[in-house]
Each structure stands twice: as C-alpha cells, then as structure tokens.
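Each chain is listed here by its residues.
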Amino acid sequence: MADWWPLTELACRPPDDRRALAWQGGRLVSHAHFLSLVEGWQSAFETRPDTLQWAIYLDDPLSFAAAVLAAWHAGKVVVLPGDDRPATLDALTADGCMLAGDVPGGTRPAECHEATSRRRFPIDAATARLKVFTSGSQGQPEAIDKRLAQLVSEVEALESAFGRSALGAGGGDVPTIWATVSHQHIYGLLFLVLWPLAAGRPLAARRLLYPEDMASCLGPEPSVLVTTPAHLKRLGDQLDWTAARRGLRAVFSSGGPLPFEVSRVAAQTLGQVPTEVFGSSETGGVAWRQCRVEDTPWVPFMDVRWQIQEGCLAVRSPRLPDGQWWVSSDLAEAAGADSFRLLGRVDRIVKIEEKRVSLSTVERQVLNTPWLKEARALVVDTPIGARVAVVAVVTEAGRQHLEQGRRALAEALRQALADSLEPMALPRRWRFVEAMPVNAQGKTPESMLKDLFTMNPTPATPPSQPDMPAVQWLERGPTKALAVLDIQAGLSVFDGHFPGAPILPGVAQVDWALALGRECFHLPTHFLRLEALKFVRPVLPGTRLLVALQCQPKANEPALCTLSFKLYSQASDPAETTDHASGRAIWSNEAPRA
C-alpha cells in the first residue's frame, strides 16, 4: 500500500515515477507525469492574476485533478459546474467566473512536457476554497462554499473507516478505483479523485456508463466501484460478472437510499455488499452502513456528532464550516447509542390556490396503489395555475393499464386517490417512465422532472418533440453527447401508429434528436434543412434507444453548423448494435431567404 500523501502537499513532493496515480489509455500514469500537468495548468491560471474564480470542467478525471490543485496553488477559487450546458456556463460567466477545460472558449493548460523545478509551498487548507452546487433533487441547485480543510477532513475520515479494512493493503495488491459517477460533483470528486490521490490508489480515467462496461472492466485485478442506487438497479442478470466478483474489494453507493432488495441482488451479482454513504453537499459524509439485513441502521463516522432535534437529524463535524449544529430535513430516530435510522424527508409543503399541500403525502398515497412502484411529486404551471404533477415508474399491473393508453392509467389513479387526497392535492399531470431520469451523479434533480412537462418548442426551430420520454444523459461534451430514451408502450406518439403493431414514428425520432441537440449545444438561431436522413429499422416499444449527437461547423461552409444524429440500440453484448435512424440537421445564424 502506498504511503498517505496529504492533498496540500501532493504537488510539492519531488517527482516520483514509482507512485501510480491513474490508469489512462491502458497505461499507468505516475506522479511525475501528474506534476507536469499541474505545471501546465498553474502557468495558465497565473496568466490571469485579475481573475479569482475559475469554473473547471474536464472529462478526464486526472487532468481535472491537476487543474484543481493547480488552481489552488495559484490562489484561485475552484468552481465545480455540475454540467457543461450552455445555460450553466452562461450563469457562471455572468457571476464573474472564467471557464477552463473542455467547454467552448475554456482556458487550456500551457505547454509543458515535464515537471519543472518550480518550488511550490503546501496549499493553505484553511483558505483554499471550492464552490459546489447541490444536486437540485429537492428544488433549485444552490451554491455551497467549502474550504479545502473540510475536504481533507472527509478523505481522512474515509481512509480511517474503509482504507485498510475494506480496500485491503499490501504490496502490488492495490485496487484501481472505477466510477459510474462524474468527478464534477462532490461525491465523485471525493471518492474518485481526492481520496485515491492521497491514498496512492490509481483511479481509472474511463467512466463506466453501462452495466456492460462494469462487467468487462471490473476484475479480475483488484478494483473498487464508486456508484449510485440508480446504477445498481440496472446491473441486469444477462452479463458475466465472474471477473468482477473475483476482483472487487468494495462497492460504494451514495446519492440516495438503496432499497434493501437492490442491495441484496447487487451483493449476489458483484460479490460485495454495497457500502452506503449518507451525507450531502452541505454536510459532507455523515454515516455509512452495509445492509446485510433489512432496515440496517446508519453508523456515524468517528468524527461526527449527532442528535435528534424535533424529529430531524442534526449533525456536527469538521466537514461543516462553523462548528455549529446543522439540522437536516431528514426525519430520523435513534437505533441505540451509536446509530440511527432515517425515516424519510420532512414533508414538502406547497400552496395551491391558498391550500397547503404536502408533496410527500401525495407520493405516499400514489405509491399505495397497485400500479406505481416509484413516484416523485412536484408543482408545475398549467393554464389554470400551479398544480400537482407526478412522475412515476409503473408496476406490471400499471403497465397493463398503459397498454390501454396513458389516460386509462391516469383515470384509474384519479379514482383511487379521490378518497385520500383533497381536491387541490390530486395530481393533474402525469408522466409514466421506465425509470426516473438521473444526472451524472445518479440523482434526480427537480429540474429534470420539470423538463418532462415543459417540452415546448423555441421560436425559429422545428416542431416540438411529441411526448418525449425521460432523458438519461450518458455523455455531454462541448461537441458530442449521448443520451438514453426508454421507449415505452404508453407514449402518446404510438397512438394510431399502428393499431396492433406499434412502431415509433420517424418524425418523433427526428424531433427528439433535434430537441436534445438544442439542449446540449450552442446551435445557431435558424434551422435550415435536414440532410442524409435515413431510417434503417423500426423502433418498437420496450427499446432502450441511444441517441448519439455531434455538433460541428459544416465542411466548406463555416457560417453553417451541422448537428449529426444517430439513433441505435444495443444487445447484451455492447459490441452488437442495431441502427434505427441517422441524419444531419443544418443550422445558420441568418434567416433563410424566401
């Protein structure tokens, strides 16, 4: 096991070719090479002494780590944008941030082929700052300022709790850290980047997007998986997990509660009972558990104090900024002197037509019906004012209703809920999905749920995307993106197309591809035309449809922009794909001539 190197000193140590920090392109990257990356980034940041805040977005986690440490050494405040959407970047620049990395106009590192002899002093953990954003799963994302000292406290707590007991120690038997989550959020930043760097466990630069990726990359060499409940729910039983079971030392899950049945199946599939970590962007890590039996209580980390205040969990720890008690919105009860159980979130109360409505109560009641197994309630705007809406995952019984159309299931739910909910609390809008939409952290921000109800066209663009299913983004870069759409039988676009043998209309496929392109990229104002449009194979209900997008200037016509799209699906073998449709859309900043 490599020695522990404090994060504040990682870029101050002499170059060490023996300390492996990452697997990149099939080879190990050493500390010496990492220092050359830090040097390039630090030189770039120091060319802008007038700019304090830098928003860093990089797909490669090792380059990202080098940029973050370099920014701190240069005296900068690091801002972590959770995504690279144009709206996100525009808001950051409006707030005075400079952009760095894989974003349009982002600063790039200075040319540097080897570590220099620059003398760096350790970072002052009390003054180095990081700004992160909450996931938005309970509302709008909020910015949270953290000091490096808080992050150092967390990685030390993780090493104390799991470093040797869970991950093992000794010689060349060092596990590689793999992740399904993005390092652009606090969970991935800690578990994939900062903790492995300090501990000397190499991180894998490749992110595991699919269960097929996990099955092929995990094992037989020692490995650790950093993931979420959303990913563990989708492991599937059609893949060969033998190598993963041989190599996995630990499976970490965070970002939401892990149902016991999912934990049990994951343990059978992967050979490790997932270690759940409970915390938040505000509090950092609070507690952990391994569910070998149902309703296992949570064990706080050694440096966390806790108590119950008016039914809610309150905590104090070095991860909090002021040493005061922080009262959460999580209902809890003591489970002995050294553990607690979580009982759900405090009711989210909203007002509709001056009536108080509990969204938590709405969720509980809809889940009491036999047709839904997962549900999220929210408030959306309608022509008659704000009303309750629900995004839900159906059971097998609910799927039978959907075969008769969405209205049939919505009407059955309305009748079932009429006696248990007041009229103003009855959901007026429904979206039935195969799985909840999740972001790169496996969480479901409220903004994603609202997007399901606001798929309206923008001016000067093609028609709106009819009844688009929930979108799960697997990749979102400045020029390329990849999304997954679960095509279910209840989508209204199947109505009349065709009775007894439904297929997804081609116009819906094109509209969805263009809508996703508008969401991802800075496309010009005016849509001109479609080119090379091809439909290869029908899309049937039950298809897991992948939408690959690429945005680039049109060859020989730089004033025009090309959005290329390809819709395809995969078999259990990720190398076997089925093409469904493809084409190119051409956009321009100038209106087409009459």
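Residues numbered from 1 in each chain as written. Predicted model: local features only at pLDDT ≥ 70, side-chain atom pairs only at ≥ 80, totals over all residues. Heavy atoms only, no water.

### Regarding the overall build of the protein
Worth spelling out the cut-off: Strands are runs of DSSP state E lasting at least 2 residues, helices are runs of H or I lasting at least 4, and numbering of each runs from the N terminus. Taken over C-alpha atoms, the radius of gyration is set against a globule rule of 2.2 Å times the number of residues to the power 0.38. Note on exposure labels: buried denotes an accessible area under 20% of the residue type's maximum, exposed denotes more than 50%, and partly exposed covers the range between, all computed with a 1.4 Å probe on protein chains only. Contacts are residue-level and defined by heavy atoms, with any inter-residue pair within 4.5 Å sufficient. Every accessible area reported is derived by Shrake-Rupley at a probe size of 1.4 Å, with residue values counting cover from the shown protein chains alone. When charges are counted, Lys and Arg contribute as positive and Asp and Glu as negative, whereas His and the chain ends are disregarded. Here the site of a charge means atom NZ of a Lys, CZ of an Arg, CG of an Asp or CD of a Glu.
Each helix and strand in the protein was counted, giving 14 helices and 29 strands. Taking 2.2 N^0.38 as the reference for a compact globule, 594 residues should give roughly 25 Å; the C-alpha atoms of the protein span a radius of gyration of 25 Å, in line with that estimate. Looking at the 594 residues of the protein, the share that counts as buried comes to 54%. Relative to all contacts within the protein whose residues are 6 or more apart in sequence, the contacts with residues 24 or more apart total 63%. Roughly 26,300 Å² of accessible area belongs to the protein as shown, and the carbon and sulfur atoms make up 50% of that amount. Placing the 60 positive and 65 negative side-chain charges of the protein at their respective mean positions leaves the two points 1 Å apart.

### Structural notes on the pattern of salt bridges
This is how it is decided: Any carboxyl oxygen of Asp or Glu that lies within 4 Å of a side-chain nitrogen of Lys or Arg is treated as forming a salt bridge with it.
In total, this model carries 22 salt bridges according to the counting rule given. Note that R18 and D16 form a salt bridge whose closest N and O atoms lie 3.4 Å from each other. In this structure, a network of salt bridges that share partners links the residues R529, E531 and R584.

### Remarks on a nonpolar patch on the surface
Here is the rule: For patch detection, residues must exceed 30% relative accessible area and be free of salt bridges, and they are connected within 9 Å for like charges or within 5 Å for nonpolar side chains (Val, Leu, Ile, Met, Phe, Trp, Tyr).
On the surface, L530, L533 and F535 cluster together into a nonpolar patch covering about 250 Å² of accessible area. Mapped onto the elements of the fold, L530 is located in strand β26 (residues 526-535).

### As for the sheet that holds strand β18 (residues 340-345)
Heads up, the rule is: Strands pair, by our definition, only if DSSP identifies at least two bridges between them. Only C-alpha atoms enter the line fits that serve as axes; for helices the fit covers just the stretch in contact. Angles between N-to-C directions range over 0 to 180 degrees.
If you trace the 4 strands from one edge of the open sheet to the other, you get β15-β16-β17-β18, paired in antiparallel fashion. The open sheet has two edge strands with one neighbour each: β15 (305-309) and β18. The average undirected angle you get between the axes of adjacent strands in this sheet is 50°. When strand β17 (residues 326-334) meets β18, the two strands line up antiparallel, connected through 5 bridges. Looking across to β18, one finds that E333 is bridged to R341.

### A word on the environment of A149
One can find A149 in helix α4 (residues 148-163). Along the sequence, A149 and L7 sit 142 residues apart, while their C-alpha atoms lie 9.9 Å from each other.

### Let's talk about the sheet that holds strand β7 (residues 143-147)
A sheet is described by the order of its strands in space; here 5 strands give the open sequence β5-β3-β4-β6-β7, paired in mixed fashion. On the outer flanks of this sheet lie β5 (98-101) and β7, each paired with one strand and no other. Strand-to-strand twist of the sheet, defined as the mean angle between neighbouring strand axes without regard to direction, takes the value 30°. Two elements, strand β4 (residues 77-79) and strand β6 (residues 129-133), share 2 bridges in a ladder whose sense is parallel. When the sheet's bridge partners are listed, V78 is paired in β6 with L130.

### Quick word on the packing of aromatic side chains
This is how the line gets drawn: Ring pairs shown here join Phe, Tyr and Trp side chains whose ring centres sit within 6.5 Å, with only the six-membered ring taken for Trp; geometry is labelled stacked below 30 degrees between planes, edge-to-face above 60, and tilted in between.
Summed over all chains, the structure comprises 14 aromatic pairs. On the basis of an interplanar angle of 55° and a centroid distance of 5.3 Å, the ring pair of W306 and F340 is categorised as tilted. Taken together, the residues W306 in strand β15 and F340 in strand β18 connect sequence positions 34 residues apart. Here the two residues W306 and F340 agree in accessibility, since each one is buried. Arranged with centres 5.8 Å apart and planes meeting at 15°, the rings of W430 and F432 form a pair that is stacked. Each member of the pair W430 and F432 is classed as buried.

### Examining the side chain of T395
In this fold, T395 is placed in the loop between β22 (385-394) and α11 (396-402). Residue classification places T395 among the buried positions, given a relative accessible area of 18%. When near neighbours in sequence (up to four residues on either side) are disregarded, T395 contacts P370, W371, L372 and K373.

### Overview of the pairing of strand β13 (residues 284-290)
Walk down a regular strand and you will see the side chains alternate between the two sheet faces. Among the 7 residues in β13, 5 count as buried, and that is most of the element. Where strand β12 (residues 275-280) meets β13, 6 bridges bridge the pair, whose relative direction is antiparallel. Note that in β13 the partner of S280 across the bridge is G284. Taken together, β12 and the strand that follows it, β13, pair antiparallel across an intervening segment of 3 residues. Of the pairings in the sheet, the one linking β13 to strand β14 (residues 299-300) comprises 2 bridges and is antiparallel in character. If you follow A287 over to β14, its bridge partner there is P300.

### Quick look at helix α10 (residues 359-367)
The condition is simple: The reported arc concerns the directions from the helix axis to the C-beta atoms and nothing else.
For α10, the full list of buried residues reads L359, S360, V362, E363 and V366. Projected down its long axis, α10 shows its buried positions confined to an angular sector of 160°, all on one face.

### A look at the packing of helix α2 (residues 61-73) against helix α5 (residues 186-199)
The condition that has to hold: Relative orientations are named as follows: roughly parallel for angles under 35 degrees, roughly antiparallel for angles over 145 degrees, roughly perpendicular for angles from 65 to 115 degrees, and oblique for any other angle. The hand of a helix crossing depends on one turn: near helix anticlockwise from the far one by less than a right angle means left-handed, and clockwise means right-handed. Residues are sorted three ways: Asp, Glu, Lys and Arg are charged, Ala, Val, Leu, Ile, Met, Phe, Trp, Tyr, Cys and Pro are nonpolar, and all the rest, Gly among them, are polar.
Across the interface, α2 lies against α5 with an axial gap of 11 Å and an inter-helix angle of 70°. The pairing of α2 with α5 is recorded here as roughly perpendicular in orientation. Considering only the axes of α2 and α5, their crossing is right-handed. Taken together, the residues of α5 that come into contact with α2 (itself represented by P61, F64 and A65) are L189, L192, V193 and L197. In the contact of α2 with α5, the residues fall into 7 nonpolar, no polar and no charged.

### Considering the confidence of the model for the protein
Using the following cut-off: Confidence scores here are pLDDT values: one per residue, from the predictor, ranging 0 to 100.
Confidence in the prediction of the protein, expressed as mean pLDDT, is 86, and 90% of residues score 70 or more. Throughout residues 455-466 the model reports pLDDT below 50, and contacts reaching past four residues in sequence, or to other chains, amount to 27 contacts.

### Examining the pairing of strand β10 (residues 223-227)
The buried count for β10 comes to 5 of 5 residues, which makes it a mostly enclosed element. Where burial is concerned, the two faces of β10 agree: the one with S223, L225 and T227 and the one with V224 and V226 are both buried. Summarising the sheet, strand β8 (residues 176-179) and β10 pair through 4 bridges and their orientation is parallel. Along β10, the bridge assignment pairs W178 with L225. Two strands pair when backbone bridges link them, and β10 and strand β11 (residues 248-253) are joined in this way by 5 bridges, in the parallel orientation.

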